Amino acid sequence: MGYFNRMLIANRGEIARRIMRTCRELGIETVAVYSEADKDAPFVKEADHGVLIGPAQAKQSYLDGEKIIEAAKEKQADAIHPGYGFLSENAAFAERCKEEGICFIGPQPEVMTMMGDKIQARKKMDEAGVPIVPGYNGKLESLDEALSVAESLGYPLMLKASAGGGGIGMELVRDEEELKKAFASTMKKADSFFGDGSLFLEKWIQNPRHIEVQVVCDQHGNGIHLFERECSIQRRNQKILEESPSPFLDDALRAELCETALKGAQNINYTNVGTMEFIFDDHQNYYFLEMNTRLQVEHPVTEEITGVDLVALQIKIAANEVLVLQQDDIKIKGHAIENRLYAEDPKTFFPSPGSLETLELPKDGVRLDFGVEQGNKVTPFYDPMIGKIITFGEDRKAAIEQMKKVLEEIKVQGIKTNLPLLQEILDSKAFRDGNYTTKFVENHLTLQNV
Amino acid sequence: MSEQAVISEVPGVFYRKPSPDEPVYVEEGQKVKAGETIGLIEVMKNFYEVTAPADGTVKAFKAEEGDVVDAGQEIAVIE
């Protein structure tokens, strides 16, 4: 008897394929749900069953929870894996799955709600003894209140939406005038984007590093961490390159950070796979930013250095299995880097949908998690990420050299990609020295050769 | 008076409002200035502004809120 009979994957592209791979290994049948725009996509062909759930627009397909539940019932799926994005952090959807007797592969809905509310998440982590960015742990009711809170905290500050995340709904305010200007518009934006206009303030960390910790907790009180991922290389507040281990941490700081992250997750009785995101200032102080209650895009770097299949762990934990792995079983072996290949202009970052006339990828010495194949269309409806390139080496230098070699062998025609940007990052001194912050792309890169 | 088509330069999903709860940028029959935003195209989670190519009156929209549009497709007619 397996963990589940039939898993519906409420996602698309590379992550749908990634989840199906583990399902096959565990003997679980798969159901793909897809929009009209994705009917020829590889993930649909690879699934055991498929259900067309709606038109291209995500709101009427991948974001429509009821259509997905209907599809699960029609195909008698006993579990739903949400992947990342779309419905993966939607507590109401997780609740609906529960009502229908379908296992949602993720944490309990109550914990998702708690961590989705950034003000509450800050309070909970503060209680657990996890350092949080200095700031105000309450909802700002008015501009007057914001001004007096800001006065006592001291500028510069970040004005943030409590329901926000992923770099959306936050505004840097350097003085009283900027706060006055930003308050109403940020509140309105938060309300229209997230359906919740609650705002709070925290200190602005200049030149930050973004480092996150992978945690895994079962439903029986056991928890482990799988070390960190360094995610500071970003464009438009979105990650483009991740690596593990982080070149910025020494062993003592790594151990402290990872233990703190696990303690925070266990304190809220978190279950399943999750990620604690931290921000580091230039004095090696770290602060909790937010928790992602789902599988992360960049999970492969952790899998490469630990040898653990995170999707398999998600499924086993959701099936109520006891976590067999102990902390001492988890060792960092070597170094892994992930590059995200985006269909976009490498300089302006403007999206570049189109027909993928050529996609030539090397076969050896690389892990390729791709959503598309040569001849496919890259449609304008979803995320511009078309694939992830992951290399492994016995040390950081070897992983970088391997990545450079792999990128040189990749050939894409028909759409623009950020491949030249990725190559420039790998060649830059700051990156090679491991000395970079989230400002890296805007500060260091010129792309003169593009 | 001559008519001028407003063409979408990118494929994606067309919106007439800056966000779901707000009013449309312009109504049919309303006067616009060259360069004024009359709609948005969402392409891969990015928003691209559709602007009026010339001063005039928006005679009609050829695409509705939430419609899928192709690059080169007519979005509206300005007179």
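Shown above is the structure to which this text applies.
Residues numbered from 1 in each chain as written. Chains lettered and ligands numbered in written order. Predicted model: local features only at pLDDT ≥ 70, side-chain atom pairs only at ≥ 80, totals over all residues. Heavy atoms only, no water.

A. Inspection of the pairing of strand β5 (residues 46-51) of chain B at higher detail. Residues and elements named next belong to chain B. In the sheet, strand β4 (residues 37-43) pairs with β5 via six bridges, with the strands oriented antiparallel. Residue pairing across strands places V43 opposite N46, the latter belonging to β5. Remark: two residues form the turn of the hairpin made by β4 and β5, two consecutive strands paired antiparallel; M44 in that turn has positive phi of roughly 50°. (Pairing = 2+ DSSP bridges. Helix = DSSP H or I, 4+ residues; strand = E, 2+ residues; numbered from the N terminus.)

B. A look at the sheet that holds β4(B). Residues and elements named next belong to chain B. Strand order across the open sheet formed by four strands is β5-β4-β2-β7, with antiparallel pairing between neighbours. In this open sheet, the two edge strands, each paired with only one partner strand, are β5 and β7 (68-69). In terms of strand pairing, strand β2 (residues 12-15) meets β4 through three bridges, oriented antiparallel. Considered in β4, the bridge of V13 is made with E42.

C. Molecular detail of a negative patch on the surface. On the surface, E27(B), E28(B), E64(B) and E65(B) cluster together to form a negatively charged patch. Relative to the elements of secondary structure, E64(B) occurs in the loop between β6 (56-61) and β7. (Patch = residues over 30% accessible without salt bridge, like charges linked within 9 Å, V, L, I, M, F, W, Y side chains within 5 Å. Areas by Shrake-Rupley, 256 points an atom, 1.4 Å probe, with all protein chains shown as cover. Salt bridge = Lys/Arg side-chain N within 4 Å of Asp/Glu carboxyl O. Lys, Arg positive; Asp, Glu negative; His and termini not counted. Charge placed at Lys NZ, Arg CZ, Asp CG, Glu CD.)

D. How the structure looks around the side chain of R122(A). In this fold, R122(A) is placed in helix α6 (residues 118-127). Among residues more than four places away in sequence, those in contact with R122(A) are I132(A), V133(A), P134(A), G135(A), Y136(A), N137(A), F200(A) and E202(A). (Contact = heavy atoms within 4.5 Å.)

E. Fine view of the interface of chain A and chain B. Each partner contributes to the interface: chain A provides 18 residues, whereas chain B provides 17 residues. Here chain A meets chain B over a buried area of about 1300 Å², counting both sides, of which 66% is carbon and sulfur. K45(B) is the salt-bridge partner of D383(A), the closest N and O atoms lying 2.9 Å from each other. Linking chain A with chain B are five residue pairs in polar contact (both at pLDDT 80 or more), by the criterion used here. Of the residues in the side of chain A that touches chain B, the class split is ten nonpolar, four polar and four charged. (Buried area = accessible area lost by both parts, 1.4 Å probe. Polar contact = N/O pair within 3.5 Å; in protein donor to acceptor, adjacent residues only side chain to side chain. Nonpolar A, V, L, I, M, F, W, Y, C, P; charged D, E, K, R; others polar.)

F. Molecular detail of helix α13 (residues 419-427) of chain A. When we look at burial in α13(A), the residues that qualify are L419(A), L421(A), L422(A), E424(A), I425(A) and L426(A). Looking at the buried residues of α13(A), the elements they touch are β10 (223-235), β11 (238-244), β14 (335-342), α12 (396-409), α14 (429-432) and α15 (440-444) of chain A. (Buried < 20%, exposed > 50% of the residue type's maximum accessible area, 1.4 Å probe, protein only.)

G. Main features of the nonpolar core. Residue and element names in this part refer to chain A. In this structure, L8, F278 and F431 are the most contacted members of the largest nonpolar core, which totals 144 residues. Ignoring anything within four residues of it in the chain, the contact list for L8 reads V31, V33, I68, A71, A72, A77, A79, I80 and H81. Listed in part, the 15 residues of the second largest apolar core include L140, L157, A190 and L199. (Core = buried A, V, L, I, M, F, W, Y, C linked by side-chain atoms within 4.5 Å.)

H. Looking closely at unusual backbone geometry. All names here are of chain A. In this structure, P156 follows Y155 across a cis peptide bond, with omega equal to -5°. Inspection of the secondary structure puts P156 in the loop between α7 (143-153) and β6 (157-165). The residue after S244, namely P245, is reached through a cis peptide bond having omega 0°. Within the secondary structure layout, P245 lies in the loop between β11 and α9 (251-267). With phi around 65°, F227 is a residue other than glycine that occupies positive phi space. For F227, the location among the structural elements is in strand β10.

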